[in-house]
Amino acid sequence: KAGVTQTPRYLIKTRGQQVTLSCSPISGHRSVSWYQQTPGQGLQFLFEYFSETQRNKGNFPGRFSGRQFSNSRSEMNVSTLELGDSALYLCASSTGQTNTGELFFGEGSRLTVL
Amino acid sequence: GDSVTQMEGPVTLSEEAFLTINCTYTATGYPSLFWYVQYPGEGLQLLLKATKADDKGSNKGFEATYRKETTSFHLEKGSVQVSDSAVYFCALSDLYSGAGSYQLTFGKGTKLSVIP
């Protein structure tokens, strides 16, 4: 079955703009998580959605937001972009009901902020 | 809070050499442990996992054993290949909040280069 799909794969924005990234989870998966990957900070948890509800949120400013739709697809939005927001944004999905926490990742959306 | 510490490398090995990447963790609960691999330009792929103490995860010749007494989950492979060149991440997953939400905490990653 198809894996986690993220769009767009690459994008370039300028400071102050906003960006929306999209994620389609594996069919049947109801949980979607987002992670930010940077060379300096590594992989950091942004938030997790399950059945359209945010269940968990990492330590990021309010400029980072997300949502999940009834078909489990998710979007994340970053407003008022800063240079430090340049990163690979990874989406991961799971059934949301496992007790092991195993996640399946997409290939990521690489954001460059100029 | 939870944390994962792994050797950061980079690690360079000759083909057929033995690989060990050390990983230790700190967690308040009873986490599951994972090794993920990231090939250039790609996302993360699950390599192996272990969900309880003394479990051994294995896949593609890689192995790791969940050691609760030493809070470790070291990755090993007896004979590496050029195709194993990638970045390897150790991670733990613990239950956060009563809503059943899991969150992965990652190590910094270890870049492995295997030369012919």
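Below or above, wherever it landed, is the structure these notes cover.

What counts, and where the lines are drawn
- Residues numbered from 1 in each chain as written.
- Chains lettered and ligands numbered in written order.
- Predicted model: local features only at pLDDT ≥ 70, side-chain atom pairs only at ≥ 80, totals over all residues.
- Heavy atoms only, no water.
- Core = buried A, V, L, I, M, F, W, Y, C linked by side-chain atoms within 4.5 Å.
- Buried < 20%, exposed > 50% of the residue type's maximum accessible area, 1.4 Å probe, protein only.
- Helix = DSSP H or I, 4+ residues; strand = E, 2+ residues; numbered from the N terminus.
- Contact = heavy atoms within 4.5 Å.
- Pairing = 2+ DSSP bridges.
- Axes fitted to C-alpha atoms, helices over the stretch in contact; angles between N-to-C directions.

1. Focus: the nonpolar core
Counting 25 residues, the largest nonpolar core has Trp35, Leu48, Phe73, Leu75 and Tyr88 of chain B as the members making the most contacts within it. Sorting the residues of this core by element identifies strand 2 (11–14), strand 3 (19–21), strand 4 (23–26), strand 5 (32–38), strand 6 (44–50), strand 8 (62–65), strand 10 (86–96) and strand 12 (110–115) of chain B as the ones contributing at least two each. Once you skip the residues sitting within four places of it in the chain, Tyr88 of chain B turns out to touch Gln6, Ile21, Trp35, Tyr36, Val37, Leu47, Phe62, Leu75, Gly109, Thr110 and Leu112 of chain B. Among the nonpolar cores identified, the runner-up in size contains 21 residues, and Val4, Val19, Phe47 and Cys91 of chain A belong to it.

2. Section: the sheet that holds strand 9 (residues 75–77) of chain B
Residues and elements named next belong to chain B. The 4 strands are arranged 3-9-8-7 in an open sheet whose pairing can be described as antiparallel. Single-partner strands in this sheet number two, and they are strand 3 and strand 7 (56–59). For this sheet, the mean angle separating the axes of adjacent strands, direction not counted, is 15°. Across 2 bridges, strand 8 lies against strand 9 in antiparallel orientation. The residue of strand 9 that forms the bridge with Phe62 is Lys77.

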